[in-house]
Amino acid sequence: MTSEFAVELRDVVKKFVTPEGNELNAVDHVSMQIKNGEFFSMLGSSGCGKTTSLRMIAGFEWPTEGEVYIEGRAMGHTPPFQRKVNTVFQSYALFQHMTVAQNIAFGLEMEGVGEDEIKKRVGRALEMVQLTGMERRRPKQLSGGQQQRVAVARALVKTPSVLLLDEPLGALDLKLRKEMQLELKALQQQLGITFIYVTHDQEEALTMSDRIAVMSKGKVQQLATPVEIYERPSNKFVADFIGESNFLEGTIKSLARDEAVVFVPALNAELRGMPMSSDFVNGEAVAISVRPEKIRIAENNAKGDGLFEAKVLTSVYIGSDTHVYVDMAGIRLKVMEQNRISRLDPSSFYTKDQIITLLFMPENTLVLKKD
Amino acid sequence: MLQRLRESKSMQGTFLALPTTLWLFVLLIIPLFLTLIVSFGQRSPDGGVIFSFSLDNYIRLLGYSTDCPGGQASCFDPLYVNILWRSLTLAFNTTAVVILLAYPLAYFIARAHPKRRNLFLFMVLIPLWTNFVIRVYAWMMLLRKEGAINIVIGWVAGLFGIEFTPLEMLYTPGAVLVGMVYEFLPFMILPIYTSLEKIDNSLYEAAADLGANAVKTLLRVTLPLSMPGVVAGTILVFIPVMGTFIVSDILGGRQVILVGNLIQRQFLDARDPTFGSAASLILMVMTLIVTYFYTRKFGFGEEIVAA
Amino acid sequence: MNPFKRSPFVIAAAVFVYTFLYAPILILILYSFNASRTNVTFDGFIPAFSERVEMDGSLVKASPCGPFHWYCDLAKNDDVIEAAGNTLTIAFTATLIATIIGTMAALALQRYDFKIKPFSQLSLYIPIVIPEIVMGIGILTLFSQAFGWLNNAFNLTGDARLALGIGTVTVSHIAFMVPFVTLVVQARLQGFDKSFEEAAMDLGANEWTTFRRVTFPMILPGVLSGALLAFTLSLDDFVITFFTNGPGSTTLPIYVYGLLRRIITPQVNALSTVWILIVFIAVLLLQWLQSREAKPAH
């Protein structure tokens with residue numbers, strides 16, 4: 001390995017011309033460094049530039065500006081067939097006119113590997129994805145999950161240094177998807193190669209990844225570990241996109257190293273929280289984000305810092321949790337409470353128009369840049 | 001070079017499309033321009049072309065004549081206008097009859113059991129695969145005074161004890177119409193079938209559920225949804241009927257002269273390619289005008305390719 | 001629920017149209033066994049086999065081939081055999097070339113953006129919207145003007161003179177066949193997912209290998225149906241051939257047309273029957289091949 005990074009994007013821009021003739025930056029000055037052996041995800045909704053970024057790594061598209069490096073080497077206009085990365089396609093793209101074995105052997109044939117060697121490696125690849133005995137089937141005769149495994153085997157049999165996966169589980173039903181998530185993760189750990197995984201499913205990204213790049217409008221919004229992305233979102237977009245968040249608006253009153261005091265006009269009160277950016281200034285308009293499960297419901301009539309009264313709008317029981325929608329001084333909030341105790345008594349649940357007291361703790365109150 | 005070709009998608013596209021585009025340009029577009037140029041020319045004594053710019057051929061086509069029975073300098077001779085009008089009405093009539101025959105059959109095939117659908121469709125195609133000229137010949141045999149149709153009618157008449165003299169059917173406008181309908185019927189059945197087959201059964205169920213009876217369902221659901229097929233079929237029938245000269249030549253004899261026959265004779269018997277070219281351009285303009293207004297109203301369906 | 005499914009009107013109409021489609025063909029075949037040489041009325045089958053053809057006026061009384069007299073007659077007709085040879089030569093050559101360049105154009109139009117694309121696409125519709133006879137006389141004018149000029153300019157004489165013949169017919173056939181091939185293949189390509197080719201490239205195949213191993217096998221059914229359509233168009237073509245053929249390049253449709261304007265013996269019916277039979281068998285064979293292809297191999 002010549003570089004500590006398996007793949008690196010340096011200030012990459014990809015422009016497309018829309019059918020209406022406008023220029024669109026599908027990828028807008030993106031830089032990221034993907035480490036060797038890492039399970040790296042690009043997460044975002046459709047049109048955020050994640051798939052285009054992946055396609056530029058694979059070589060199906062070339063950057064308009066900037067450069068893609070694979071194992072430290074600038075790729076320029078290197079065609080896909082000269083790159084040591086392989087792709088698992090969203091549609092699987094299995095060749096319908098070939099058998100499973102022929103599909104998997106295709107990449108090895110292109111390398112000029114000998115017949116016996118191909119046979120051996122195809123067998124091993126099938127074993128790896130638990131499809132031994134399916135060699136002679138046609139892709140159409142396989143279930144969605146099996147096709148997905150063939151697509152993975154076909155890419156992995158070439159022992160790429162990086163495996164690119166473009167929403168590989170998108171077409172599977174929920175149960176199978178969960179199974180395959182764990183399987184793919186196990187496979188990646190066992191093989192120790194870099195996976196770059198594109199998905200719009202945040203749960204999938206959080207479950208599998210070592211690091212995630214959250215993308216929107218062609219830009220990387222945050223690149224961090226799953227825990228950091230959930231607990232310390234870098235801006236309002238990430239806080240909103242990953243999981244659920246309640247937002248309040250306010251202005252910064254005073255700043256300390258890891259605490260900011262924000263005046264919230266709607267509450268006519270101050271809230272203490274964690275600044276998620278280092279370049280706030282006093283008086284700056286900011287967004288405050290609090291996750292539903294991190295708002296506590298306190299004893300009634302409790303008074304003190306971070307305690308506010310709210311009126312229950314509806315309460316929804318969903319088994320493991322209760323979701324309480326409340327009105328706090330005209331702001332709608334969602335509060336989540338775990339059902340830790342088994343109970344049936346209706347009076348123990350929140351009812352409409354009931355007044356409750358909410359507790360905002362400074363470590364759960366995140367102060368974010370507004371845009 | 002190879003590197004440039006690899007990186008320039010536009011060059012690859014041009015390279016791939018070039019042979020076809022050139023071929024069509026040289027053999028379809030240049031000839032059309034040549035026809036235009038020739039149509040302004042004059043006939044040379046040996047049947048060749050003297051290039052000039054004169055509108056004589058067009059004026060003649062529109063009925064201007066210097067060879068008048070009354071001895072005037074010029075008069076209106078409706079000969080060619082009549083031929084153009086006859087071709088146009090025949091094309092319209094043929095198309096109308098073809099739609100009337102094709103629609104029920106296409107409907108029948110589209111609503112048949114899926115297993116039998118291909119067989120029924122195949123049965124429409126078989127006559128199409130026999131040669132065009134052979135099909136005209138078959139009708140010549142049927143329509144003759146001694147032909148099968150007269151024999152069958154005579155036999156039926158005999159059963160009822162009615163006197164029957166064989167009908168003169170060959171070499172009449174009716175014979176030409178029947179021949180044209182027969183030649184082009186499959187070209188209407190296939191696109192209509194294609195568009196009818198696309199209609200989901202649930203639409204019929206929805207129409208019935210909403211209270212439409214059979215006739216209303218046909219008028220409000222089936223017909224509108226199958227219009228693309230009818231449009232495509234019309235283009236595939238109307239245009240060739242306008243230009244065909246074999247059917248009228250063999251089934252119409254000297255009685256039914258269409259613009260196709262006129263053009264053909266200018267190039268072969270009369271040896272006046274300039275007049276033939278003018279007639280051919282008028283024919284082209286007529287079909288383009290009809291096609292233009294027709295497709296502007298109904299759209300140019302993809303069913304053409306499906307056929 | 002389908003209000004028209006069992007409607008007697010629809011069934012009756014279908015029966016009527018099928019009868020209309022088939023009656024002429026059946027009559028045509030029947031008359032190919034006609035004992036009457038003039039072929040005006042059907043005077044019964046030729047009754048007997050004999051060593052020599054025995055005639056009674058215009059009636060064939062006996063023949064070495066019996067009822068198949070006119071088929072044997074046909075086999076001895078050199079003009080027919082030459083015309084059949086010409087027809088097939090033209091159809092095969094024209095189909096081959098039209099399929100290759102038409103498929104290339106379909107790929108270009110479906111996959112690429114280039115300057116002349118709108119023009120290329122539009123030119124495909126010419127043979128559909130312009131009557132064949134207009135194209136026929138246009139091409140004839142082109143050839144006669146071009147050949148006249150070339151023959152003069154290069155002082156070509158005798159056999160070297162450029163003239164109408166098999167070459168001009170083939171070249172003209174290609175012109176009206178190519179658009180159909182392109183449109184058919186283009187329609188198939190519309191549903192073609194680009195990721196198959198990307199997958200091949202991703203696995204190490206260069207552009208040419210990708211085309212050979214993945215794209216082409218996948219579009220092959222479309223290419224074949226385009227080629228089949230082109231082939232039948234060529235076999236069947238009368239108008240374009242009529243204006244572009246020359247001495248020695250008569251095709252079967254032209255030959256039959258010539259006969260129709262002169263004497264018609266049941267030989268024409270025999271020829272038609274053989275033709276129908278060959279086409280029928282070829283199409284059945286093709287259908288069988290396609291259905292075998294479509295069935296999943298277990």
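Residues numbered from 1 in each chain as written. Chains lettered and ligands numbered in written order. Predicted model: local features only at pLDDT ≥ 70, side-chain atom pairs only at ≥ 80, totals over all residues.

Re the overall build of chain C
Right, so step 1: If you tally the helices and strands in chain C, you get 12 helices and three strands.
Right, so step 2: Based on the C-alpha atoms only, the size of chain C along its principal axes is roughly 80 × 75 × 40 Å.
Right, so step 3: Expressed as a percentage of its 298 residues, the buried residues of chain C come to 42%.
Right, so step 4: In chain C, once contacts between residues fewer than 6 apart in sequence are set aside, the share between residues at least 24 apart is 66%. (Helix = DSSP H or I, 4+ residues; strand = E, 2+ residues; numbered from the N terminus. Buried ≥ 20, exposed ≤ 12 C-beta atoms within 10 Å, placed from the backbone. Contact = placed C-beta atoms within 7 Å.)

Remarks on the overall build of chain B
Right, so step 1: Helices and strands together make up the secondary structure of chain B, namely 14 helices and four strands.
Right, so step 2: Computed over its C-alpha atoms, the radius of gyration of chain B comes to 25 Å, more than 25% above the 19 Å expected for a compact globule of 307 residues.
Right, so step 3: Counting only C-alpha atoms and orienting by the principal axes, one finds that chain B spans roughly 85 × 70 × 35 Å.
Right, so step 4: Within chain B, the proportion of its 307 residues that are buried is 44%.
Right, so step 5: Within chain B, contacts between residues at least 6 apart in sequence are counted, and of these 69% link residues at least 24 apart. (Rg over C-alpha atoms; globule rule 2.2 N^0.38 Å.)

With respect to helix H9 (residues 207–236) of chain C
Right, so step 1: Here H9 of chain C contains 30 residues, and its C-alpha end-to-end distance of 38 Å is more than 12% below the 44 Å for a straight helix at 1.5 Å per residue.
Right, so step 2: At Leu220 of chain C, H9 of chain C shows its strongest bend, of approximately 55°, with the proline Pro221 of chain C following within four residues. (Expected span 1.5 Å × (residues − 1). Bend = angle between axes of the 7 residues up to and from the residue.)

Description of the sheet that holds strand S1 (residues 5–17) of chain A
Residues and elements named next belong to chain A.
Right, so step 1: Read from one edge of the open sheet, four strands run S2-S1-S4-S5, paired in antiparallel fashion. The sheet is open, and its two edges are formed by strand S2 (23–35) and strand S5 (73–74), each paired on a single side.
Right, so step 2: Note: S1 against S2, nine bridges, orientation antiparallel. Within S2, the residue paired with Val7 across the bridge is Ile34.
Right, so step 3: Most of the contacts of helix H1 (residues 50–58) go to S1, to which it runs at about 115°, and overall it touches S1, S2 and strand S4 (65–70). (Pairing = 2+ DSSP bridges. Axes fitted to C-alpha atoms, helices over the stretch in contact; angles between N-to-C directions.)

A short note on the packing of helix H6 (residues 132–143) of chain B against helix H8 (residues 173–197) of chain B
Residues and elements named next belong to chain B.
Right, so step 1: Across the interface, H6 lies against H8 with an axial gap of 10 Å and an inter-helix angle of 140°. By the angle between their axes, H6 is oblique relative to H8. In this structure, the crossing between H6 and H8 has a hand that is right-handed. Facing Phe132, Arg135, Val136, Trp139 and Leu143 of H6, the residues of H8 in contact are Ala175, Val178, Gly179, Tyr182 and Glu183.
Right, so step 2: Broken down by class, the residue content of the contact of H6 with H8 amounts to seven nonpolar, one polar and two charged. (Parallel < 35°, antiparallel > 145°, perpendicular 65-115°, else oblique. Left-handed = near helix turned anticlockwise from the far one by under 90°. Nonpolar A, V, L, I, M, F, W, Y, C, P; charged D, E, K, R; others polar.)

Here we look at helix H12 (residues 259–268) of chain B
Right, so step 1: The buried count for H12 of chain B comes to eight of 10 residues, which makes it a mostly enclosed element.
Right, so step 2: The complete set of buried residues in H12 of chain B reads Val259, Gly260, Asn261, Leu262, Ile263, Gln264, Gln266 and Phe267 of chain B.

Considerations on the confidence of the model for chain C
Right, so step 1: Averaged over all residues, the pLDDT of chain C is 87; the fraction at 70 or higher stands at 95%.
Right, so step 2: Predicted complex metrics record ipTM = 0.86 and pTM = 0.81. (pLDDT = per-residue confidence, 0-100.)

Structural notes on the interface of chain B and chain C
Right, so step 1: Across the contact, 78 residues belong to chain B and 76 residues belong to chain C.
Right, so step 2: Top contributing element to the side of chain B that touches chain C by residue count: helix H2 (residues 9–39) of chain B, with 22 residues.
Right, so step 3: For the side of chain B that touches chain C, the per-class residue count stands at 53 nonpolar, 18 polar and seven charged.

So, unusual backbone geometry
Residues and elements named next belong to chain A.
Right, so step 1: One non-glycine residue with positive phi stands out, namely His29, at about 50°.
Right, so step 2: Note on placement: His29 falls in strand S2.
Right, so step 3: You will see that Asn268, though not glycine, has its phi angle at about 50°, which is positive.
Right, so step 4: According to the C-beta neighbour criterion, Asn268 is exposed, with 8 such atoms within 10 Å.

A look at the packing of helix H4 (residues 79–110) of chain B against H8 of chain B
All names here are of chain B.
Right, so step 1: Contact pair H4 / H8: the axes reach a minimum separation of 7 Å and the direction vectors enclose 45°. When the axis of H4 is compared with that of H8, the two are oblique. Viewed along their axes, H4 and H8 form a crossing whose handedness is right-handed.

As for the interface of chain C and chain A
Accessible area lost upon the coming together of the parts is a frequently used measure of interface size.
Right, so step 1: Contacts between chain C and chain A engage 17 residues on the former and 22 residues on the latter.
Right, so step 2: Residue assignment for the side of chain C that touches chain A shows that the elements contributing at least two residues are helix H8 (195–202) and H9 of chain C.
Right, so step 3: Ranked by residues supplied to the side of chain C that touches chain A, first place goes to H8 of chain C with six residues.
Right, so step 4: Considering only residue class, the side of chain C that touches chain A consists of 10 nonpolar, four polar and three charged.

Considerations on the pairing of strand S7 (residues 162–166) of chain A
Residues and elements named next belong to chain A.
Right, so step 1: Along S7, five of the five residues are buried, which leaves the element largely enclosed by surrounding structure.
Right, so step 2: Side chains Val162, Leu164 and Asp166 of S7 all project onto a buried face; the interleaved residues Leu163 and Leu165 project onto the opposite face, where all are buried too.
Right, so step 3: Pairing geometry for strand S6 (residues 85–88) and S7, over four bridges, is parallel. By the bridge assignment for S7, Thr87 is matched with Leu164.
Right, so step 4: Two elements, S7 and strand S8 (residues 194–199), share five bridges in a ladder whose sense is parallel. Opposite Leu165, over in S8, you have Tyr197 as the bridge partner.
Right, so step 5: For the crossover that starts at S7, traverses helix H5 (residues 174–191) and ends in the parallel S8, the hand is right-handed. (Right-handed = clockwise from strand over helix to strand, strands pointing away.)

A few points about the environment of Gly145 of chain A
Residue and element names in this part refer to chain A.
Right, so step 1: Looking at where Gly145 falls in the secondary structure, it is placed in helix H4 (residues 144–156).
Right, so step 2: Spatially, the C-alpha atom of Gly145 lies 8.6 Å from that of Leu169, the residues being 24 residues apart in sequence.
Right, so step 3: Contacts of Gly145, omitting those with residues within four sequence positions, involve Leu172, Leu176 and Met180.

Here we look at the sheet that holds strand S19 (residues 355–359) of chain A
All names here are of chain A.
Right, so step 1: The antiparallel open sheet is built from five strands, whose spatial order is S15-S19-S16-S17-S18. Because the sheet does not close on itself, it has two edges, and the strands there are strand S15 (296–298) and strand S18 (331–338). Taking each pair of neighbouring strands and ignoring which way they run, the sheet shows an average axis angle of 50°.
Right, so step 2: Looking at chain direction, strand S16 (residues 307–317) and S19 are connected through five bridges and run antiparallel. Within the sheet, the bridge partner assigned to Ala310 lies in S19 and is Ile356.

A few points about the environment of Val290 of chain B
Right, so step 1: Its place among the elements puts Val290 of chain B in helix H13 (residues 273–298).
Right, so step 2: Each C-alpha atom of the pair Val290 of chain B and Val241 of chain B lies 13 Å from the other, and the pair is 49 residues apart in sequence.

Thoughts on the confidence of the model for chain B
Right, so step 1: Confidence in the prediction for chain B averages 86 pLDDT; 95% of positions are at 70 or higher.
Right, so step 2: The secondary structure element of chain B with the lowest average pLDDT is helix H14 (residues 303–306) of chain B, at 49, and the one with the highest is H4 of chain B, at 93.

Some points on the pairing of strand S3 (residues 59–63) of chain C
All names here are of chain C.
Right, so step 1: By the bridge criterion, two bridges tie strand S1 (residues 48–49) to S3 in an arrangement that is parallel. Residue pairing across strands places Phe49 opposite Ser63, the latter belonging to S3.
Right, so step 2: Two strands pair when backbone bridges link them, and strand S2 (residues 54–56) and S3 are joined in this way by three bridges, in the antiparallel orientation. Its bridge partner lying in S3, Met55 is registered against Val60.
Right, so step 3: Between the antiparallel neighbours S2 and S3 lie two residues, among them Gly57 with a positive phi of about 65°.

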